[in-house]
Amino acid sequence: IYVEQRRQPVPPHEWHYRLSNTERSIIRRLKEAQGEAVTLEELADCVEAPTPEARIKGLRVHINRLRSKIEPEPNQPQVIMTVRGVGYRMDADVL
């Protein structure tokens, strides 16, 4: 994570994160959905793994890593939200 020292608070649209290629792909898919839920299967296409089950498991790992980087409170996500029975969603205006 890139941190710049400033005396004034940095607005969210100016935050900088060091993301992996997979994390960038996941964020891109979520932003393209413009706040709508994206299925686990669709997001799992961003993850390289030998089986569909491994891709979904890997997706969950990447989502947790993303949350730890971009969420103010990773245990109470407000940026990348779980949509039970579907997948994940993100407000398009957040990042």
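Residues numbered from 1 in each chain as written. Predicted model: local features only at pLDDT ≥ 70, side-chain atom pairs only at ≥ 80, totals over all residues. Heavy atoms only, no water.

Novice: Whenever I open this one, the sheet that holds strand S3 (residues 87–90) confuses me. Can you help?
Specialist: In sheet architecture, strand pairing relies on hydrogen bonds along the backbone and comes in two forms, parallel and antiparallel. Read across the sheet, three strands follow the order S1-S3-S2 without closing on themselves; strand pairing throughout is antiparallel. Edge positions in the open sheet fall to strand S1 (38–39) and strand S2 (80–83), since each of these has one partner strand only. Inspection of the sheet shows S2 paired to S3 by four bridges, in the antiparallel sense. In the sheet register, Met 81 faces S3, and the bridge partner there is Arg 89. Across the sheet, helix H1 (residues 21–32) lies against S1, S2 and S3, angled at about 70° from S3, the strand it touches most. (Pairing = 2+ DSSP bridges. Helix = DSSP H or I, 4+ residues; strand = E, 2+ residues; numbered from the N terminus. Contact = heavy atoms within 4.5 Å. Axes fitted to C-alpha atoms, helices over the stretch in contact; angles between N-to-C directions.)

Novice: Help me understand the confidence of the model for the protein chain in this model?
Specialist: A low pLDDT means the predicted coordinates there should not be read in detail. Looking at the protein chain, pLDDT values average 84 and 80% of them are 70 or higher. The secondary structure element of the protein chain with the lowest average pLDDT is H1, at 92, and the one with the highest is S1, at 97. Taken as a whole, residues 1–7 scores under 50 in pLDDT and shows five contacts with residues more than four places along the chain or in a different chain. (pLDDT = per-residue confidence, 0-100.)

Novice: What is the right way to look at the nonpolar core in this model?
Specialist: In a soluble, globular protein the nonpolar side chains are often hidden away together inside. In this structure, Ile 26, Leu 30, Leu 43, Leu 59, Ile 80 and Tyr 88 are the most contacted members of the largest nonpolar core, which totals 18 residues. Looking at this core, the elements that each hand over two or more residues are H1, helix H2 (40–44), helix H3 (52–70) and S3. For this core, the element with the highest residue contribution is H3, accounting for five residues. Setting aside anything within four residues of it in sequence, one finds Leu 43 in contact with Ile 26, Arg 29, Leu 30, Val 38, Leu 59 and Tyr 88. (Core = buried A, V, L, I, M, F, W, Y, C linked by side-chain atoms within 4.5 Å. Buried < 20%, exposed > 50% of the residue type's maximum accessible area, 1.4 Å probe, protein only.)

Novice: Before we go on, may I ask you to explain a negative patch on the surface in this structure?
Specialist: Residues Glu 32, Glu 41, Glu 42 and Asp 45 make up a contiguous surface patch of negative charge. Assignment of secondary structure puts Glu 32 in helix H1. (Patch = residues over 30% accessible without salt bridge, like charges linked within 9 Å, V, L, I, M, F, W, Y side chains within 5 Å. Areas by Shrake-Rupley, 256 points an atom, 1.4 Å probe, with all protein chains shown as cover. Salt bridge = Lys/Arg side-chain N within 4 Å of Asp/Glu carboxyl O. Lys, Arg positive; Asp, Glu negative; His and termini not counted. Charge placed at Lys NZ, Arg CZ, Asp CG, Glu CD.)

Novice: How do you make sense of the pattern of salt bridges when you look at a structure like this?
Specialist: Oppositely charged side chains can form a pair if their charged atoms are brought close together. Taken as a whole, this structure holds two salt bridges when the rule is applied. A salt bridge links Asp 91 to Arg 89; the nearest nitrogen and oxygen atoms lie 3.0 Å apart. Look at Asp 91 and you get partly exposed, because its relative accessible area is 32%. By relative accessible area, Arg 89 is classed as partly exposed at 25%.

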